[in-house]
Each structure stands twice: as C-alpha cells, then as structure tokens.
Amino acid sequence: MLDVAEITSEVVYTEYSGHARDYVQDCKDIYKYSAIMTVSGDGIVFEVFNGLMKRDDSTEAIKIPLAIIPGGSGNGLCAAILHQSGVPLTLMDAVYVAIRGSSTPLDMVRVEQGENVMWSFLSIAWGFLSAVDIESEKMRWMGEARFTVEAVKKLVSFPVKSGKVWFAPLTEELDDGSEPTVASPKSLPRNKQISKDPIIEPTSSESLNDVGGGSTASEEENGIGEVLDPNFDFTALNDVDTDTDEDSQDIDSKIPDRNRIVSDTAHLQDSENCRCKKCVPAPTPDPELLQKITESIEQIGLNSDIPESWKLIDGNFSTVMAFTLTHLSLGFKCAENMKLDSGFVYLMHSQGRSKKVRAFRLEPELSESGAYVTIDGELVPYEALHACIHKGIARVLSLPSAV
C-alpha cells in the first residue's frame, strides 16, 4: 500500500530492547523523514517517543508525527487514533490512516521517578492491572487474549496494596490565591440566559477539560463534580463524585437538573430558554490565566512540596490506573469521548469514582512485595512517581476527528 501511494521508506529492524529509542535519539538526519512509522505494539512506540524526548532538539523532534500500525498485543495508541478518525479498528484501516492522515497533536505525560524522566502517551498503572500486564508476558503467543486469561486468574486472590495518591483537580488554585471557575448547575437560574460574569468555558475547538474546567471547591465538597455547558453529555453523570463525608446528603442533590440542560443539537423555538451554541455562544477563555495554571502545575516535581489545593487518597488499593486515551488496547475501550489531546489525565482507582486531573503523585508502600508499576505497559521500578500532563506536544498521523 505504501508503494501504491508512492511513499518511499527506509526500514529499521529492532535488535534489542531500547533499540528504537537509541536509534531515534542518535539519528543525525531525522528531519529528512516526514513521519516515523512503527509496526509494533505500544512498547516500541514508547521507545520512539522517549528517544525523541532525549534529543537535544526534543521540542522540535517530538513534532515529527508517528504513523502507528498495530503489531503487538495491546496497540492502545493505534486504537485511539482509529477511534478518533472514525474508522474500524483493523490493520488495513490503520495503514489507510497512516497514508491519508495529517499531523495531529497528542498529549504526553511527563513522569519523574527517582533520577529518571520518562514520557507516557497511554497509561500509568499500579496494582491489579499492572500485575496482569506484566505476568501475562509469558503468554504473548495468545495475543490480546493473554490479558483476559491473566485477569481471571488474578481476580480470585489478588491482594490489596497500601499507598497514597495525591492529585491536582481540574479546578486548581493559583499561587496568588485566585481560582478559575466554571458555570455549574447550581449557579444558573432556571429559564435565564447564562450569566455574563467571567467564567471559563470551551471554544468550539477545545473541550472543557482543556481549559481547567471542573467544579468549584464548595461544589466538589458537595459531591457535584459536574459542569453545565451546552454540550453536556448525560453519560457524564457516571462521573458524579460520591467521595463525601456527608453520607446523609440526598444523592439527587448531586445530579444536575436535566431541565436546565440542552444539547447543542436541540434548538428550542423559544429562544429565551434555548442554550444551544447558536443562541448562547461560549465565551473565550482567558489565555493568560490558562497559561498560569499550566506553568504552575508543570513546575511541581517529585521532590516538590505537595500544594495544599491537591487532594489526597490514602489507604488500600487493588488498582490505580491513569490514562489519557480512549483505548488501552484494540479490544479494551476505557473512555468514549476523550481525544488525543484532551489535556487531562483520567485517574481511576479502586476507592471511588474516576477523576479528571492535571497531575498526580503515586507513593506505594515500598515494604510490600508482589506488585508492579508500569508506564505504557513497560515495567519500571517499584517506587514513588510524579506525573504531569503536557497538552498536545507530540504528533501522530490521524484523520480529522470524528468524536
């Protein structure tokens, strides 16, 4: 198909673990290539991204787009690209997207662990899911089915692990004490136009999570955790945060009033009550404020003090999984509406609801054995790590978004 499309290529076969990383890191004429195509699983993709980020010219090299052809057990990035492109998750469609696709931004997560810095494009796992990934390696001959077989085995007897997880919520206080807010269900009166007070909402090309959206501190304490915007997706009600000490609170108070929410696909004839994009254009977020939020979080490292605005989850966990894409493999969809550059990490853990975060720190109890920490399916040392999202810094080849 590459020959038919008149695409010239050079083929490099990897010969050892880390070969792809070393090759792209040391390649002197890397800019003569318009793209880097990998025919592999997510392991080689992990090596290529980290090789690009180890170069002296990493800020430019990371913008060389990757074309992903599935050839491994998981193929999570390939599945996410095909999903966003709106095509079936097949080998032939992956080749088609690689040929006809254009350069598309991809989020990367900077992971600091000890003296090492790694870059993740897919997932960071601790506990059950990482154990399934690592201990199923001996069954690679089964393909993707190895994950299911190992998971069934572990469901019977996998022990919980103790540790701590801190995370930066999407509504993050700034150093000067100010805090961005978004319109919430309780802040809008019924049958009234959206207030003209300054709020942060997405433009047509950005999701709400790209701009630091989330519940205000008081709302999060009440367990609302939802945001009212013209594109409100009722499936997001599954994300209502029920981690609250106020057990007597009625759960109905945590769910937005559906009478106040109108999809942008439903235009009301009574324009006074309509909140579709045509009648109520979304205001443009303040770019300076968004930049301050991003810079503030990116400056926090593994050895930095945890900001007071971060939240702590402490105790026993069966699993912790952080991911940035819709799929962890061709057969495992973990989120529906995420994009390649959503600008947040989905933090899933066994103690409660999943959360959308900008950064997090994981500290497993080091005295315990029999557990693993993985980054994009690759085994890393069993020790503390600090992770922070960097929105859209990498590039992949994809068709125009269908989600």
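Because the structure is a prediction, the values reported are computed rather than measured.

Participant: Sorry, what's going on with the nonpolar core here?
Facilitator: As a rule of thumb, nonpolar side chains are buried together in soluble globular proteins. Of all hydrophobic cores here, the largest spans 71 residues; its most connected members are Phe-49, Leu-77, Leu-106, Phe-121 and Phe-360. Phe-360 has contacts with Ile-124, Trp-166, Phe-167, Trp-310, Ala-322, Val-345, Leu-347, Leu-385, His-386 and Ala-387, leaving out every residue within four places of it along the chain. In terms of nonpolar packing, the next biggest core, distinct from the first, is built from seven residues, Ala-168, Ile-300, Trp-310 and Cys-388 among them.

Participant: Is there a simple way to think about the packing of aromatic side chains in this case?
Facilitator: To describe a pair of aromatic rings, you give the distance between the ring centres and the angle between the ring planes. For the structure shown, the criterion picks out four aromatic pairs. For the ring pair Phe-49 and Phe-121, a centre distance of 5.6 Å and an interplane angle of 50° mean the geometry is tilted. Here Phe-121 lies in the loop between strand E4 (116–120) and strand E5 (123–127) and Phe-49 lies in helix H2 (residues 42–53), a separation of 72 residues in the sequence. As far as burial versus exposure is concerned, Phe-49 and Phe-121 are alike and both buried. With a centroid separation of 5.4 Å and an interplanar angle of 10°, the aromatic rings of Phe-323 and Tyr-346 are classed as stacked. Separated by 23 residues along the polypeptide, Phe-323 in strand E8 (residues 319–323) and Tyr-346 in strand E11 (residues 345–349) bring together distant segments of the chain. Put simply, the rings of Phe-323, Phe-344 and Tyr-346 touch in pairs and so form one group of aromatic residues.

Participant: So what exactly am I meant to see when it comes to the pairing of strand E6 (residues 161–169) here?
Facilitator: Buried residues dominate E6, accounting for eight of its nine residues. Across seven bridges, E6 lies against strand E7 (residues 311–317) in antiparallel orientation. The partner of Phe-167 across the bridge, within E7, is Lys-311. Examined bridge by bridge, E6 and strand E12 (residues 355–364) share seven bridges and lie antiparallel to one another. Each residue of the ladder has a partner; that of Trp-166, found in E12, is Arg-361.

Participant: Hey, could you run me through the confidence of the model for the protein in this one?
Facilitator: The predicted coordinates ought not to be read in detail in places where the model reports low pLDDT. Confidence along the protein averages 75 in pLDDT terms, with 61% of residues attaining 70 or more. In this model residues 172–265 is a low-confidence stretch, pLDDT under 50, and it forms 180 contacts with partners more than four residues away in sequence or in other chains.

Participant: Looking at this model, I keep getting lost on helix H1 (residues 19–26). Mind explaining?
Facilitator: An α-helical segment advances 3.6 residues per turn. Residues three or four places apart therefore align on the same side. Every buried residue of H1 is listed here: His-19, Ala-20 and Val-24. Seen along its axis, H1 keeps its buried residues to an arc of 120°; they face one direction. Next to the buried residues of H1 lie strand E1 (36–40) and H2.

Participant: What is the right way to look at the pattern of salt bridges in this model?
Facilitator: When the charged atoms of two side chains lie near each other, side chains of opposite charge can form a pair. Going through the model one piece at a time under the given rule, you end up with eight salt bridges. Residue Asp-57 pairs with Arg-55 through a salt bridge whose shortest N-O separation is 2.9 Å. In this structure Asp-57 comes out as partly exposed when scored by relative accessible area, which is 25%. Classification of Arg-55 by relative accessible area gives buried; the value is 10%.

Cut-off values and rules
Residues numbered from 1 in each chain as written. Predicted model: local features only at pLDDT ≥ 70, side-chain atom pairs only at ≥ 80, totals over all residues. Heavy atoms only, no water. Core = buried A, V, L, I, M, F, W, Y, C linked by side-chain atoms within 4.5 Å. Buried < 20%, exposed > 50% of the residue type's maximum accessible area, 1.4 Å probe, protein only. Contact = heavy atoms within 4.5 Å. Phe/Tyr/Trp six-rings, centres within 6.5 Å; stacked < 30°, edge-to-face > 60°. Helix = DSSP H or I, 4+ residues; strand = E, 2+ residues; numbered from the N terminus. Pairing = 2+ DSSP bridges. pLDDT = per-residue confidence, 0-100. Arc of directions from axis to C-beta. Salt bridge = Lys/Arg side-chain N within 4 Å of Asp/Glu carboxyl O.

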